[in-house]
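# Structural overview for review
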Amino acid sequence: EGVDKVGTLWEENYKGRRIISELMKDASIGKKRLASMPDRVTNTIVTTTGLAMRPTVINCYEGSIAQMDKWWSAWKKFMFSRELEVIGRRKKREKKFGYELLKSIKRAKYPAVTEEEEAISLPLQTLVGAIFDAILVHIMNHAAPNVWEDIRAEMCDKLNKGKNDRVVGIIANTYNTANAVFLQEVSGDFEKA
């Protein structure tokens, strides 16, 4: 629902904007959470078989996305064609596509969102999320062509791979006598630890 309206918004509002000054620096996109909300719920997803990552510059996606056409194909597949098996709220296995993980953005919580935007917030987030990721790929291809994916892979290897196991080890060995340890915004993996 709302896909046609979002198509019109693309044509009349977003399509002709300059990518940095009129999109990335548009404070209203941030206030409305149109890029951050879809990133939050689709960036890195814990599935029943491991991690699934949206094809984007800002995670450890392992496929090549340096060519825009390959990135776009992978992005659409992730959002609309690849079924992900996740554990739902009631601890049941559920099969979902990436776009089905998006949550409606409510005007009550984010007053900058208009009534129309709230009504079409799911396809609107999809559009703005795609724009955001496309801009990041474009920037990286201009800033560090032919090398940025290798640099990102090395950073992921050193900073992200096995991170949860290292954190659990630190907590178990350093704070093993603590009565309580408070963690914020942690992976669902910590429930098992």
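Residues numbered from 1 in each chain as written. Predicted model: local features only at pLDDT ≥ 70, side-chain atom pairs only at ≥ 80, totals over all residues. Heavy atoms only, no water.

## Re the pattern of salt bridges
Here is the rule we go by: The working definition used for a salt bridge is a side-chain nitrogen of Lys or Arg within 4 Å of a carboxyl oxygen of Asp or Glu. A run of H or I in DSSP becomes a helix once it reaches four residues, and a run of E becomes a strand once it reaches two; helices and strands are each numbered from the N terminus. Exposure is judged per residue with a 1.4 Å probe applied to protein chains only, and the accessible area is read against the type maximum: over 50% gives exposed, under 20% gives buried, and values in between give partly exposed.
Overall, the coordinates contain eleven salt bridges when judged by the stated rule. Its salt-bridge partner being Arg54, residue Asp39 comes within 2.8 Å of it at the nearest N-O pair. Taken together, the positions of Asp39 in helix 4 (residues 36-42) and Arg54 in the loop between strand 2 (50-53) and helix 5 (68-81) put the pair 15 residues apart, joining distant regions of the chain. Residue Asp39 is classed as buried on the basis of its relative accessible area of 19%. Overall, Arg54 belongs to the buried group, its relative accessible area being 3%. When salt bridges with common partners are traced through the structure, they connect Asp39, Arg54 and Asp133 into a single cluster.

## Some thoughts on the packing of aromatic side chains
The condition is simple: Stacked, tilted and edge-to-face pairs are distinguished by plane angle, under 30 degrees for stacked and over 60 for edge-to-face with tilted covering the rest, among Phe, Tyr and Trp rings (Trp via its six-membered ring) whose centres lie within 6.5 Å.
In the structure shown here, the tally under the stated rule is six aromatic pairs. Here Trp72 and Trp75 contribute two aromatic rings whose centre-to-centre distance is 5.8 Å and whose plane-to-plane angle is 15 degrees, an arrangement assigned as stacked. Here Trp75 and Trp72 lie together in helix 5, a separation of three residues that amounts to about one turn. We classify Trp75 as buried; its relative accessible area is 2%. Centroid distance Phe80 to Tyr99: 5.7 Å. Interplanar angle 35 degrees. Geometry classified as tilted. You can see Phe80 sitting in helix 5 and its partner Tyr99 sitting in the loop between strand 4 (93-96) and helix 6 (115-119), a full 19 residues away along the chain. On the basis of relative accessibility, which here comes to 40%, the residue Phe80 falls in the partly exposed class. Following the ring pairs from residue to residue traces out a cluster consisting of Trp71, Trp72, Trp75, Phe80, Phe97 and Tyr99.

## A word on a nonpolar patch on the surface
Our working definition: A patch is a set of surface residues, each over 30% in relative accessible area and not in a salt bridge, joined within 9 Å for like charges and within 5 Å for the nonpolar side chains Val, Leu, Ile, Met, Phe, Trp and Tyr. Note on areas: these come from Shrake-Rupley sampling with a 1.4 Å probe, and a residue is covered only by the protein chains present in the view.
A contiguous nonpolar surface patch, about 440 Å² in accessible area, is contributed by Ile170, Tyr175, Val181, Leu183 and Val186. Among the secondary structure elements, Ile170 is positioned in helix 9 (residues 163-174).

## Brief notes about the confidence of the model for the chain
Regions with low pLDDT should not have their predicted coordinates read in detail. Note the cut-off: One confidence number per residue, pLDDT, is output by the predictor and ranges from 0 to 100.
With 97% of its residues at a pLDDT of 70 or more, the chain has an overall mean of 93. Considering each helix and strand of the chain separately, the mean pLDDT is smallest for helix 9, with a value of 86, and largest for helix 5, with 98.

## Structural notes on helix 8 (residues 148-159)
Using the following cut-off: Residue count minus one, scaled by 1.5 Å, sets the expected span of a helix. Here, two residues are considered to be in contact whenever any of their heavy atoms come within 4.5 Å of each other.
With twelve residues, helix 8 extends 16 Å between its outermost C-alpha atoms, agreeing within 8% with the 16 Å of an ideal straight helix rising 1.5 Å per residue. Where helix 8 is buried, its residues touch helix 7 (121-143).

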